[in-house]
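Take a look at the letters that make up each chain.
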Amino acid sequence: MALILLVDDDQDFLAVASKLLSHMGAEVVTCTSAMEALEQAQKREFDVIITDANMKPHTGYELIRSIKAIPSYDLIPIAMITGRREKRDVERAVAIGAQDYIVKPIDPERFIQKVQELVTRSENARRTARFGEVPLEEVAKLSAAVVIVGLSESGLLIDS
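Not measured: the values here are computed from a predicted model.

In this section: unusual backbone geometry. Put simply, Lys56 and Pro57 share a cis peptide bond, and its omega is 0°. Within the secondary structure, Pro57 is located in the loop between strand 3 (48–52) and helix 3 (60–68). Cis rather than trans, the peptide bond between Lys104 and Pro105 has omega equal to -5°. Along the chain, Pro105 falls in the loop between strand 5 (100–103) and helix 5 (108–132).

This part is about helix 3. Listed as buried for helix 3 are Gly60, Tyr61, Leu63, Ile64 and Ile67. Buried residues of helix 3 fall within an arc of 160° about the axis and therefore sit on the same side. In this structure, the buried residues of helix 3 make contact with strand 1 (3–7), helix 2 (34–43), strand 3, strand 4 (78–82) and helix 4 (87–96). Regarding helix 3, its N-cap is Thr59, as a side-chain oxygen of that residue lies 3.3 Å from the backbone nitrogen of Tyr61 further along.

Before going further, it helps to spend a moment on the environment of Gly97. Along the chain, Gly97 turns up in the loop between helix 4 and strand 5. As for Gly97 and Met80, which are separated by 17 residues in sequence, their C-alpha atoms are 9.6 Å apart. Setting aside residues up to four positions removed in sequence, Gly97 forms contacts with Ile64 and Lys68.

Time to look at the packing of aromatic side chains. This structure, assessed with the given rule, holds zero aromatic pairs. Positioned above the aromatic ring of Tyr61 is the side chain of Arg92, whose terminal nitrogen or guanidinium carbon lies 3.8 Å from the ring centre. The lysine or arginine in question, Lys104, covers the ring of Phe13, its NZ or CZ lying 4.6 Å from the ring centre.

Calculation rules
- Residues numbered from 1 in each chain as written.
- Predicted model: local features only at pLDDT ≥ 70, side-chain atom pairs only at ≥ 80, totals over all residues.
- Heavy atoms only, no water.
- Helix = DSSP H or I, 4+ residues; strand = E, 2+ residues; numbered from the N terminus.
- Buried < 20%, exposed > 50% of the residue type's maximum accessible area, 1.4 Å probe, protein only.
- Arc of directions from axis to C-beta.
- Contact = heavy atoms within 4.5 Å.
- Polar contact = N/O pair within 3.5 Å; in protein donor to acceptor, adjacent residues only side chain to side chain.
- Phe/Tyr/Trp six-rings, centres within 6.5 Å; stacked < 30°, edge-to-face > 60°.
- Lys NZ or Arg CZ within 6 Å of the ring centre and 35° of its normal.

Here is the structure:
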């Protein structure tokens, strides 16, 4: 089950969106401010974060910057959700680290589809990260006969 952080200062939107996400089997934590969301992100590791752009006193853009500064969140997908439809707003969100941009009002089916894609991306990123961090108790040794077939600026070409 995916753990999703949903951030928006609109209580009605939080209620509707969290119900949609719960129906897809996700556990949803809602926050009404960027500061509250940052506190939650420091306590728990979420699979996906969805934040509104326009909140006060801190915006969703500021939240994304702050979350991206937390090392454990470097691979976690973040989506910006907002009523802003301008190309420059989308570019700004992507430039600071958002992987998706969802425009309000939301279409429930499309919203769930986008979130499921983000959850899949998160699962794949974690699987890859876990593989790269497997601690080894013993040094792995490999013996193989190799023949250098070619040498160039880009490296060796070997045959084994």
